[in-house]
Amino acid sequence: MNPELKELYQEVILDHNKSPRNFRVMEDADRKIEGFNPLCGDHYVVYLKVRDGVVQDLSFTGSGCAISKASASVMSSIVKGKSVQEAELLFEKFHQLVMGDLNGEANAESLGKLIAFAGVSEFPARVKCASLAWHTLHTALTSNEEQVSTE
Amino acid sequence: MISTQTQPTKLTFDVVKIRKDFPILSQQVHGKALVYLDNAATSQKPQVVIDSLVRYYTEFNSNVHRGVHLLSEQATKAYEESRVKVQRYINAKRSEEIIFTRGTTEGINLVAQSFGRANIHEGDEIIISGMEHHSNIVPWQMLCAEKKATLRVIPIDDNGEIILDEYVKLFNDKTRFAAYTHVSNALGTVNPIKHMIETAHAHNVPVLIDGAQAIPHLRIDVQELDYDFYVFSSHKMFGPTGIGVVYGKKSLLETMPPYQGGGDMIKSVTFEKTIYNDLPYKFEAGTPNIADTIAFGVAIDYLNSLDFEAIHDYEQELLEYATEKLSTVNGLTIIGTAREKAGVVSFTLDGIHPHDIGTILDTEGIAIRTGHHCAQLVMQRFCVPATARASFAFYNTKNEIDALVDGINKVKEIFS
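Presented here is an overview of the structure given in this document. (Residues numbered from 1 in each chain as written. Chains lettered and ligands numbered in written order. Predicted model: local features only at pLDDT ≥ 70, side-chain atom pairs only at ≥ 80, totals over all residues. Heavy atoms only, no water.)

### Quick word on empty space enclosed by the protein
Thinking step 1. For the structure shown, the criterion picks out one cavity of 30 Å³ or more.
Thinking step 2. The volume enclosed by the largest cavity comes to roughly 70 Å³.
Thinking step 3. Split by residue class, the lining of the largest cavity holds six nonpolar, six polar and two charged. (1 Å grid on protein atoms, 1.4 Å probe; cavity = no way out; pocket = protein on both sides within 12 Å on 5 of 7 lines; lining within 4 Å. Points joined across faces, edges and corners; volume = space filled by probe spheres on them. Nonpolar A, V, L, I, M, F, W, Y, C, P; charged D, E, K, R; others polar.)

### Some remarks on the sheet that holds strand β7 (residues 175–181) of chain B
Residue and element names in this part refer to chain B.
Thinking step 1. Across the sheet, which stays open at both edges, the seven strands sit in the order β4-β10-β9-β8-β7-β5-β6 with mixed pairing between neighbours. Two strands lie at the open edges of the sheet, namely β4 (98–101) and β6 (150–154), each paired on one side alone. If you compare each strand with its neighbour and ignore which way they point, the axes differ by 20° on average.
Thinking step 2. Pairing of strand β5 (residues 125–129) with β6, which is carried by five bridges, proceeds in the parallel orientation. Bridging from a neighbouring strand, I126 pairs with L151 of β6.
Thinking step 3. Packed on one face of the sheet, helix α4 (residues 70–89) meets β4, β9 (229–233) and β10 (244–248) and runs near 120° to β4. (Pairing = 2+ DSSP bridges. Helix = DSSP H or I, 4+ residues; strand = E, 2+ residues; numbered from the N terminus. Axes fitted to C-alpha atoms, helices over the stretch in contact; angles between N-to-C directions. Contact = heavy atoms within 4.5 Å.)

### Section: the pairing of β4 of chain B
Residues and elements named next belong to chain B.
Thinking step 1. Of the two faces of β4, both are covered, the one formed by I98 and F100 as well as the one formed by I99 and T101.
Thinking step 2. Two elements, β4 and β10, share four bridges in a ladder whose sense is antiparallel. Residue T101 lies in a different strand from β10, and its bridge partner there is G244. (Buried < 20%, exposed > 50% of the residue type's maximum accessible area, 1.4 Å probe, protein only.)

### Digging into the pattern of salt bridges
Thinking step 1. The full count for this structure, using the stated rule, is 33 salt bridges over all chains.
Thinking step 2. Among the salt bridges present, the one from D28 of chain A reaches K49 of chain A, with a minimum N-O distance of 2.9 Å. Placement of the pair is D28 of chain A in the loop between α2 (11–18) and β1 (31–37) and K49 of chain A in strand β2 (residues 42–51), with a sequence separation of 21 residues.
Thinking step 3. Judged by its relative accessible area of 48%, D28 of chain A is partly exposed.
Thinking step 4. Classification of K49 of chain A by relative accessible area gives buried; the value is 15%.
Thinking step 5. As a salt-bridge pair, K85 of chain B and D301 of chain B come within 2.9 Å of each other at their nearest N and O atoms. Within this pair, whereas K85 of chain B is found in helix α4, its partner D301 of chain B is found in helix α10 (residues 290–304), the two being separated by 216 residues in sequence.
Thinking step 6. You can call K85 of chain B partly exposed: its relative accessible area is 24%.
Thinking step 7. For D301 of chain B, a relative accessible area of 35% puts it in the partly exposed group. (Salt bridge = Lys/Arg side-chain N within 4 Å of Asp/Glu carboxyl O.)

### Observations regarding the sheet that holds strand β14 (residues 344–349) of chain B
To summarise the sheet geometry, strands pair through backbone hydrogen bonds and adopt either a parallel or an antiparallel arrangement.
All names here are of chain B.
Thinking step 1. Pairing is antiparallel across the open sheet formed by four strands, whose spatial order is β13-β14-β17-β16. With one partner strand each, in any of the chains shown, β13 (332–335) and β16 (369–371) form the two edges of the open sheet. Across the sheet, the axes of successive neighbouring strands diverge by a mean angle of 30°, strand direction being ignored.
Thinking step 2. Note: β16 against strand β17 (residues 387–391), three bridges, orientation antiparallel. Bridge pairing in β17 links G371 to T387.
Thinking step 3. Sitting on the sheet, helix α12 (residues 354–363) is in contact with β14, β16 and β17, with an inclination near 155° to β16.
Thinking step 4. Here helix α14 (residues 398–414) sits on the sheet in contact with β13, β14 and β17, set at roughly 15° to β14.

### Some points on the packing of aromatic side chains
Residue and element names in this part refer to chain B.
Thinking step 1. A complete count under the given rule lists 25 aromatic pairs over all chains for this structure.
Thinking step 2. For the pair F238 and Y395, a centre-to-centre distance of 6.0 Å together with 80° between the ring planes defines the contact as edge-to-face. Of this pair, F238 sits in the loop between β9 and β10 while Y395 sits in the loop between β17 and α14; the two residues are 157 residues apart in sequence, bridging distant segments of the chain.
Thinking step 3. Among the aromatic residues, those joined into a cluster by ring pairs are F13, F22, F238, Y302, Y314, F394 and Y395.
Thinking step 4. The ring centre of F308 lies 4.3 Å from the NZ or CZ of R219, which sits over that ring.
Thinking step 5. Here the guanidinium or amino end of R381 rests over the ring plane of F382, the centre of that ring lying 5.2 Å away. (Phe/Tyr/Trp six-rings, centres within 6.5 Å; stacked < 30°, edge-to-face > 60°. Lys NZ or Arg CZ within 6 Å of the ring centre and 35° of its normal.)

### Looking at the packing of helix α3 (residues 47–60) of chain B against α10 of chain B
Residues and elements named next belong to chain B.
Thinking step 1. Running from N to C, α3 and α10 cross one another at 145°; their axes reach a closest spacing of 8 Å. The handedness of the crossing between α3 and α10 comes out as right-handed. Between α3, through V48, V49, S52, L53, Y56, Y57 and F60, and α10, the contact on the second element is made entirely by I290, A291, D292, I294, A295, V298, A299 and Y302.
Thinking step 2. When the residues that make up the contact of α3 with α10 are grouped by side-chain class, the tally is 13 nonpolar, one polar and one charged. (Left-handed = near helix turned anticlockwise from the far one by under 90°.)

Structural data, given as structure tokens:
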């Protein structure tokens, strides 16, 4: 396989695509927000439960490409238990990572499993796929909108 | 492979020779030979078309219609020659029936905004089909919203064919216009346009045909099938982008108000009154896309230099080969299985999103289109969010289709 492609479709991504974590409807969610990429038809619903500034629970449903689904899955498992501020910081770092703008080892280390998405920066057309769930979460944490679109 | 090329019927078409006319095809992408299978989006350009653009800017760049100097005369002559080339290519009766636009989309908007706004009123109905590109839906929706008119949609069946019985039932005394595609960009379906136009004309309803996907593959004779409006783009027929055509019957075009106002579309202007120019200039406001129009004419010359029947047969052979080969891939479903199709195979792979297919094929040098192809309603009809689409031109080969199938098998391996 081409090295960039190998970097893009890492085991972590293929695994989360096949068996997405926290892939369920949350009946008692505080927030339920839709994320949509009309260009490729990726469509997710992110469910959120926040207590005392901490993300108690996070789940999602929907469908899309491997990159978008794995990203939503990894995001849900990493953000759960983090404070809203920490989640927002991760969103920023993740965005820098997929844009190829993340500098320094320290930053990379703090990303944990998210580093699997570093290969996305070599595929500009796929940045939106990787960041769809994150944009949706960001909107859920910071505004009252019910829908977010990457177009 | 070799045996099929030595069959007597294929002797008139030499794909190896043809490919040399298109410099881009010998390019490498990601270190692999380019396999360009996104022709329904845009086709590649032969060297003669590229040379024409360079020549215009090098030798006679000048504005048309207004100058009295030599360069302007040369540019005007070449620009108007292109109009005649288009006229002859589609067998229009008169060159003033050829209106140059930026492309198919602008052409449809021209007809909707000019003919539509003058002739569609509250309560009227416009018929379109369920396999339209967004560009043949949205302009009519906009018109309907403005005029309080209604859009009626012809349903399509599971093969991706128009349901003709349902089409006939849509006509009533409120029907004022119909617009549908000749060939579907997402499904490849060739619609029974002759029969559909006859039905509309029997109800005195004029028809616009979106020919963007048809004109690279089919011989178009606007008089033979009695087209009212036929719109298409140069860039899908091996010419430059940014230039397209509205063919309209003179009798209809004459009744239509101008679409845009400005220079060249007028005879005289006073602050009290403007007298509009004659056809076709009434619809060509401002400085046109001169270089690309001239190069478009060169693309038509190029097409005329080829054996059209041989091209058509060869493309059908490619389509059959691709359909057969792709059908053998486990988990692959072809979307759009109409009896008559032109150069398009849209498909899905079980459990693998089209965008992942597209990215992986790209690293193999294979360019296909993935997504909804600006035909979201077609995707909804077939309950898929998107498809992967391979579309062919006469410069494609069976080897390239084999490369596509190998690439798809690699996609499946990665996701296994």
